[in-house]
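# Coordinates in review
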Amino acid sequence: QVQLVESGGGLVQAGGSLRLSCAASGVIFSINVMRWYRQAPGKQREWVAAIIRGSSTNYAASVKGRFTISTDNAKNTVNLQMYSLKPEDTAVYYCNTAPLIGTGREYWGQGTQVTVSS
């Protein structure tokens, strides 16, 4: 069974860094895209980054150059390394997975809070 569990959120000062991890139980990275989303209070959920097969990556313009998504195949986790954090990055960050082809079910984690202070 698929289960996504995020961790690593916390409070950090602007300009700081944080590393989020998503433990992806039951997920086969070779046939699923792994994504990070975030949702700030009062705003729509926003796509942040995606990775396919541990190599092909894509980022939202707002985080490009500051965030890096990666997978750790040995641990079956997907990570989001965040640098140069801004107050605008404050949000609940969610891990997500979906099939690369077809219309299989998507899965979501419970989210982890990231708060960036000025």
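Each remark here, short or long, concerns the structure printed above.
What you see is a predicted model, and the numbers here were worked out from it, not measured in a lab.

## Comments concerning unusual backbone geometry
In this structure, Arg 53 is a non-glycine residue whose phi angle is positive, near 55°. Arg 53 sits in the exposed class, given a relative accessible area of 57%. Notably, Asn 76 is not glycine yet its phi reads approximately 55°, a positive angle. With respect to the element layout, Asn 76 can be found in the loop between strand E7 (67-72) and strand E8 (77-82).

## Overview of the pattern of salt bridges
Pairing between side chains of opposite charge can happen when their charged atoms approach one another. Applying the stated criterion to the full structure yields 4 salt bridges. In this structure, Arg 35 engages Glu 106 in a salt bridge whose closest nitrogen and oxygen atoms are separated by 3.9 Å. With Arg 35 in strand E4 (residues 32-39) and Glu 106 in the loop between strand E9 (91-99) and strand E10 (107-108), the pair connects residues that are 71 residues apart, well separated along the chain. Between Arg 38 and Asp 89 there is a salt bridge; the shortest N-O distance is 2.9 Å. Highlighted residues: Arg 38 in strand E4 and Asp 89 in the loop between E8 and E9, separated in sequence by 51 residues. Both residues of the pair, Arg 38 and Asp 89, belong to the buried class. Put simply, Arg 38, Glu 46, Arg 66 and Asp 89 are held in one network by salt bridges that share partners.

## Section: the sheet that holds strand E3 (residues 18-25)
Strand order in the open sheet formed by 4 strands is E1-E3-E8-E7, and the pairing between neighbours is antiparallel. Both edges of this open sheet fall to strand E1 (3-7) and E7, since each of them pairs with a single strand only. Pairs of neighbouring strands in the sheet enclose a mean axial angle of 15°, with direction left out of account. Relative to E8, E3 is paired through 6 bridges, and the arrangement is antiparallel. Across the sheet, the residue bridging to Arg 19 is Gln 81, located in E8.

Calculation criteria
- Residues numbered from 1 in each chain as written.
- Predicted model: local features only at pLDDT ≥ 70, side-chain atom pairs only at ≥ 80, totals over all residues.
- Heavy atoms only, no water.
- Buried < 20%, exposed > 50% of the residue type's maximum accessible area, 1.4 Å probe, protein only.
- Helix = DSSP H or I, 4+ residues; strand = E, 2+ residues; numbered from the N terminus.
- Salt bridge = Lys/Arg side-chain N within 4 Å of Asp/Glu carboxyl O.
- Pairing = 2+ DSSP bridges.
- Axes fitted to C-alpha atoms, helices over the stretch in contact; angles between N-to-C directions.

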